[in-house]
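Each chain, written out:
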Amino acid sequence: MSSGRRPFVAAYRFQLTPDADFDVAASLVPYFATLGVSHLYVSPIAEAEIGSRHGYDITDPTKVRAELGGADALDRLCVELDRLDLGLIIDIVPNHLSIATPERNPWFWDVLRHGTASIHADAFDIDWEGGDGKVLLPVLTQPLSNEIATITGATGASGAVIVLSTGMRLPVDEPIEGMAPDAVATVLARQPYRLVPWQSTERNQRRFFEIDSLAGVAVEDEAVRRDRHALLSQLLERWPNIIDGVRVDHVDGLAHPDDYFVWLRQLIGNDRLLIIEKILVGDETLPERWPVDGTTGYEFALLVDRLLTNDDDLAAMRSIWVEATGDRDSYDAVEHTAIEEVLADRLRPEVERIHRLIEDDDELAGDRGVQAITALVVSTGRYRTYLPSGGEPDATLVIEAAERAQRAQPLAAGAIARLAAIISSPTTESQHHAQTLFQQLTGPALAKGGEDRALYRHLPVAALNEVGGNPGCDEATPADFHHWAARTASNHPRALLTTSTHDTKRSGDVRARLLALAQQPEIWRSLVDAWRTPLDLHPADTLLLLQSVIGTWPITEQRLADYLIKALREAALRSSWIDPDTDYESKVTASVAASLADESFVTDIERVVASIKARAATNSLTQTLLRLTAPGIGDLYRGSEVADLSLVDPDNRRRLDWEPLHDLSAASDELDVASALRISLDLAKMTLIKRTLTSRRATTTASASASATNYEPIVSSDPSVLAYRNADMLVVVALGTPPVDPSATIVLPAGTWHNVLRSAQPLLAGVVELGHIIDDDLPMALLEKGQ
């Protein structure tokens, strides 16, 4: 890192929305500075769909979003950041653009008007041959012959348009006002697009996952890539000393991530942070050849959650699930089934597109080829491989996946082996294309089958149902943490560390509560036994309802009902987004209303929440302390500086009231963490964050490589204690539910140390009993070198 770029201490994630725009962010910069963060980390800033509360549905990548205040307001934000010496990390979305409102997307509108002759025809990943030279638009609610009479005409700013029954406007080459249906059909037949029902599997352009309104962008094309990043280039030139980093969304959707990262690194320079949204599964690590600083931190969140469990309690919780639901399937089995389902329905167009490229191979003709593609995707077990640049290791992963698929489906063994050979070592242009598309399919399959179906079906311990995780996992030990931390310090010392994001299934604090519940399974068993019959829902839905109430209490009826309906539809068992069972959904909604109005139910929930309160608070503070002191850059998701009891989006994107946060920040200056915790978790988290970041700022240098050798495990006689030194910060955390053994010892590094989380404590040195550092009320400490 150059001497002119500010050190990375921690980042505050700010979710830009029409009611939380650039000017709102600018007004909060002084507050962010009081927290001690070094950077503001914002959601996408480019023009998006009207009213979007996340900004990932970008419509025009070349302009700053007007609803956020436009370029002038962004300038005002940068000026304020500069005044207080905070940097900016911006979020870019190279993989896809929104076409939900075609006329808002100038690139796609031009493609709809001019087809292959459009200057933007290469911008989108369209299989023109698969659509007979047309873009297939799955936007009809019924076949065109049934809907054509509802199509009307109008005149837009760029000429004649048609208006569908849904209100969508599309360009046509002549006005259709007054035309008979047959004449309208004739006009439509001339257009470079063809309208098809959304329920059909007819698609010929790559999508983000299975979302038809998010069209894949071909940034592997040099001209497209340059145009797609024109705004970023302009901003880097305008604010070179403010924009310190870039976060890249959904890198697994890119055709050639290796080439893209090399290009992007050259664009932004070696001194800026380059973070990617990459979900690592199991022991997977980032390819060393990628010139990136790390991921957005899901693997860290999963590791910390596993640290806060133990195998005996997990076994007890899983037994309760089996007893209540009768479901004995492992998570892996549930996930495999769900992936097969999405490949057979919502991702069927992607499977068929790959099959068209390889079906001339005798071994893969007809259903055999489709079956082989499905089996190999299911068995891959990762979001994707990175061939051809991944070389032998990634080719080996494909072959190993094929072996697993063959064991699962021996009758298709020959077709699977042939497909694996093509994917790992293609020889023709069509096979190379199939290799790319296959690798772009495994991510959506695991995301939609795993994240958005299986994780909503298998819920023994809902806190473990997180992006990239496996709810069937074992506990993690301090040794596991040390292994991860040493690797991170060596390879990616500027990786982001998170426990809550805009995409997590539950906030870190909700998971902290549910992990506390899992640490006392007998309390959970009692609650399940008392309420699984009165709630009168499917047993799995009952257990989800109960865990959701405990994790978020107090929660409103509307928030809880909205979440459960989303969960039902994601699981796609008793309802779905495509075919919602409104009768059962109404039953769930009624059950929510009845239970929250039932005094005995509320009493039981409040009793459980009270019984796990202390442990839940400890879990939350542990998450926070580790996130802000481990190798990497701590990420504070908006509002998580206090207890944030949020569920998955859109619940975690609710409007925030910032004034109480200002007040808590001011109040925290008068307290240490131990005394703040006696008042509230909100105040304790705020105090912990400010004290920890003050310490981290004092020990952080501007050199990215300086921290590579700074991590050091610290020895304790108690194996349940996690202790480490990172730079000149020394962290001690007692894990698990047993009380701390005050006579257990820890060996401090040379020098004298003092605990910044407590006031008026003596200096410590040498071999120290834990009772002199931590206790049951605050079983953690952050030690700094003494003066």
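Coordinates for the structure precede this section.
Rules of the game
Residues numbered from 1 in each chain as written. Predicted model: local features only at pLDDT ≥ 70, side-chain atom pairs only at ≥ 80, totals over all residues. Heavy atoms only, no water. Axes fitted to C-alpha atoms, helices over the stretch in contact; angles between N-to-C directions. Helix = DSSP H or I, 4+ residues; strand = E, 2+ residues; numbered from the N terminus. Parallel < 35°, antiparallel > 145°, perpendicular 65-115°, else oblique. Contact = heavy atoms within 4.5 Å. Nonpolar A, V, L, I, M, F, W, Y, C, P; charged D, E, K, R; others polar. Phe/Tyr/Trp six-rings, centres within 6.5 Å; stacked < 30°, edge-to-face > 60°. Buried < 20%, exposed > 50% of the residue type's maximum accessible area, 1.4 Å probe, protein only. Lys NZ or Arg CZ within 6 Å of the ring centre and 35° of its normal. Pairing = 2+ DSSP bridges.

**Q** Explain the packing of helix H14 (residues 391–408) against helix H15 (residues 413–424) here, please?
**A** For any two helices packed against each other, the geometry comes down to the angle between their axes and how far apart the axes lie. Where H14 meets H15, the axes come as close as 9 Å, and the angle between the chain directions of the two elements is 170°. Here H14 is positioned roughly antiparallel relative to H15, judged by the angle of their axes. On the side of H14, the interface is formed by Ala395, Val398, Ile399, Ala402, Ala405 and Gln406, while H15 contributes Ala413, Ile416, Ala417, Ala420, Ile423 and Ser424. Residue composition of the contact of H14 with H15, grouped by class: 10 nonpolar, two polar and no charged.

**Q** What is the right way to read the packing of aromatic side chains from this model?
**A** Each aromatic ring pair is summarised here by two numbers: the centre-to-centre distance and the angle between the ring planes. On inspection of all chains with the given rule, the structure shows 18 aromatic pairs. Summarising the aromatic geometry, the rings of Tyr12 and Trp658 are spaced 6.4 Å apart at their centres and angled 50° between planes, so their arrangement reads as tilted. Here Tyr12 is found in strand E1 (residues 10–14), whereas its partner Trp658 is found in the loop between strand E18 (633–637) and helix H24 (659–668), with 646 residues between them in sequence. Each member of the pair, Tyr12 as well as Trp658, carries the same accessibility label: buried. Judged by centre distance (5.0 Å) and plane angle (85°), the ring pair of Trp531 and Phe601 falls under edge-to-face. Of the two residues, Trp531 is situated in helix H19 (residues 521–531) and Phe601 in helix H23 (residues 599–629); the sequence distance between them amounts to 70 residues. Given the relative accessible area of 9%, Trp531 is considered buried. On the accessibility criterion, Phe601 (1% relative accessible area) is buried. The structure contains a cluster of three or more aromatic residues connected by ring pairs, namely Tyr12, Phe14, Tyr31, Phe32 and Trp658. Arg13 extends its terminal NZ or CZ atom over the ring of Tyr41, reaching a point 4.8 Å from the ring centre.

**Q** So what exactly am I meant to see when it comes to unusual backbone geometry here?
**A** The general pattern is negative phi for most residues beyond glycine and trans for most peptide bonds. Along the chain, Leu387 connects to Pro388 via a cis peptide bond; the corresponding omega equals 5°. Cis geometry is adopted by the peptide bond preceding Pro650, which originates at Asp649 and carries an omega value of 5°. By the element assignment, Pro650 lies in the loop between E18 and H24. In the Ramachandran plot, Asp85 falls in the positive-phi region, its phi being about 60° despite a non-glycine side chain.

**Q** Quick question: what am I supposed to make of the side chain of Thr374 here?
**A** Within the secondary structure, Thr374 sits in helix H13 (residues 367–380). Judged by relative accessible area, which is 17%, Thr374 ranks as buried. Apart from residues lying up to four places away in sequence, Thr374 is in contact with Glu340 and Leu343.

**Q** Please clarify how the pairing of strand E25 (residues 780–785) should be interpreted in this entry.
**A** Every regular strand shows the same layout, with side chains that alternate between the two sheet faces. For E25, a buried count of five out of six residues is recorded, marking the element as mostly surrounded by other parts of the structure. Inspection of the sheet shows strand E21 (residues 729–734) paired to E25 by five bridges, in the antiparallel sense. Within E25, the residue paired with Leu730 across the bridge is Leu783. As judged from the three bridges shared by strand E23 (residues 753–755) and E25, these two strands associate in the antiparallel manner. Directly across from Trp753, in E25, lies its bridge partner Lys785.

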